[in-house]
Amino acid sequence: GAGVSQSPSNKVTEKGKDVELRCDPISGHTALYWYRQSLGQGLEFLIYFQGNSAPDKSGLPSDRFSAERTGGSVSTLTIQRTQQEDSAVYLCASSLADLSFEQYFGPGTRLTVT
Amino acid sequence: AQSVTQLGSHVSVSEGALVLLRCNYSSSVPPYLFWYVQYPNQGLQLLLKYTTGATLVKGINGFEAEFKKSETSFHLTKPSAHMSDAAEYFCAVSKAAGNKLTFGGGTRVLVKP
């Protein structure tokens, strides 16, 4: 019944550490998206899942970034060996199906790399 | 490739005055166009969308936008600003349902009493 949830809401990590960000989409939504919002780059697409498959990974900025989705539900975005330029708000969105235009966004995870 | 340009990163309006936020897009295919609003420390909320049909689209909170293909524009308007309209607004374009959104740079709206 609830909207898209993301955890943690805030994450502070040291440069070089790995982080995992979690997204719980709206129940029944088959499509899931990750976006990044930063001061320098604005809102950027990262990756799109349909079910557990990722037909579009074109926005992942480097091989330090990866994402998976299990059971057609929860998704995890992993950033390895974090860099200061990874500091941003990571937003997750979900939608009902390929036929739906409306993406519902979560509140985001604010990542700060020190 | 698609792109979206929002003119003006900051707009200041008086309460009760017209709100006009400009959005121009480029797209190699018929576009699907969106306006989202983001309140502080919150995610994005869909205001309105144009997919097909009527080019004047009405959304939530009294906002509307008009798709003008000849001008490649999708400007957002509200006749009378309210203090609660203070937020950041994003125009976005998509190629199809289920496709990723490409966003403009955003316009932050300040409403003066």
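Cut-offs applied
Residues numbered from 1 in each chain as written. Chains lettered and ligands numbered in written order. Predicted model: local features only at pLDDT ≥ 70, side-chain atom pairs only at ≥ 80, totals over all residues. Heavy atoms only, no water. Helix = DSSP H or I, 4+ residues; strand = E, 2+ residues; numbered from the N terminus. Buried < 20%, exposed > 50% of the residue type's maximum accessible area, 1.4 Å probe, protein only. Contact = heavy atoms within 4.5 Å. Polar contact = N/O pair within 3.5 Å; in protein donor to acceptor, adjacent residues only side chain to side chain. Buried area = accessible area lost by both parts, 1.4 Å probe. Nonpolar A, V, L, I, M, F, W, Y, C, P; charged D, E, K, R; others polar. 1 Å grid on protein atoms, 1.4 Å probe; cavity = no way out; pocket = protein on both sides within 12 Å on 5 of 7 lines; lining within 4 Å. Points joined across faces, edges and corners; volume = space filled by probe spheres on them. Salt bridge = Lys/Arg side-chain N within 4 Å of Asp/Glu carboxyl O. Disulfide = S-S within 2.5 Å.

Considerations on the environment of Leu 47 of chain B
Residues and elements named next belong to chain B. With respect to the element layout, Leu 47 can be found in strand 5 (residues 44–50). For Leu 47, a relative accessible area of 4% gives the class buried. When the C-alpha positions of Leu 47 and Lys 58 are compared, they lie 8.7 Å apart, and in sequence the two are 11 residues distant. Leaving out residues up to four positions away in the same chain, Leu 47 has contacts with Trp 35, Tyr 36, Val 37, Gly 59, Ile 60, Asn 61, Phe 63, Leu 76 and Tyr 89.

A few points about the side chain of Gln 6 of chain A
Residue and element names in this part refer to chain A. Residue position: Gln 6 is located in strand 1 (residues 5–7). Within the local environment of Gln 6, its side chain forms a polar contact with the backbone oxygen of Tyr 90, the two atoms lying 2.9 Å apart. The residues contacting Gln 6, other than those within four sequence positions of it, are Arg 22, Trp 34, Tyr 90, Leu 91, Cys 92, Gly 106, Pro 107, Gly 108 and Thr 109.

What to know about the interface of chain B and chain A
Across the boundary between the two partners, chain B contributes 19 residues, which contact 19 residues of chain A. Summing both partners gives a buried area of about 1,600 Å² for chain B against chain A, and 60% of it is carried by carbon and sulfur. Run the count over chain B and chain A and you get four residue pairs in polar contact (both at pLDDT 80 or more). Tallying contributions element by element places strand 4 (residues 32–38) of chain B first for the side of chain B that touches chain A, with four residues. Here the side of chain B that touches chain A is built from residues that sort into 10 nonpolar, seven polar and two charged.

Concerning the layout of surface pockets
If you add up the space inside the largest pocket, you get close to 690 Å³. Along the wall of the largest pocket there are 29 residues; nearest its centre are Gln 37, Val 89 and Arg 110 of chain A together with Gln 38 and Glu 88 of chain B. Listing elements by their share of the lining of the largest pocket, those giving two or more residues are strand 4 (31–38), strand 5 (42–50), strand 9 (88–95) and strand 11 (109–113) of chain A together with strand 9 (87–94) of chain B.

Things to note about the pattern of salt bridges
Here the structure, examined in full by the defined rule, presents six salt bridges over all chains. With a shortest N-O distance of 2.7 Å, Arg 22 of chain A and Asp 24 of chain A are connected by a salt bridge. Under the relative-accessibility criterion, Asp 24 of chain A is labelled partly exposed at 21%. With a closest N to O distance of 3.0 Å, Glu 88 of chain B and Arg 108 of chain B form a salt bridge. Here the residue Glu 88 of chain B occupies a position in strand 9, and Arg 108 of chain B occupies one in strand 11 (residues 107–112), the gap between them amounting to 20 residues. The exposure class assigned to Arg 108 of chain B is partly exposed, which follows from its relative accessible area of 42%.

Topic: the state of the cysteines
Working definition: the covalent bond between the sulfur atoms of two cysteines is a disulfide. Residue and element names in this part refer to chain A. Counted according to the given criterion, the structure contains two disulfides over all chains. The partner cysteine of Cys 23 in its disulfide is Cys 92, sulfur to sulfur 1.8 Å. Torsion about the S-S bond of the Cys 23 and Cys 92 cystine: about -65 degrees, corresponding to left-handed handedness. A residue pair is termed long-range when its members are at least 10 positions apart, and Cys 23 in strand 3 (residues 19–24) and Cys 92 in strand 9 qualify at 69 residues.

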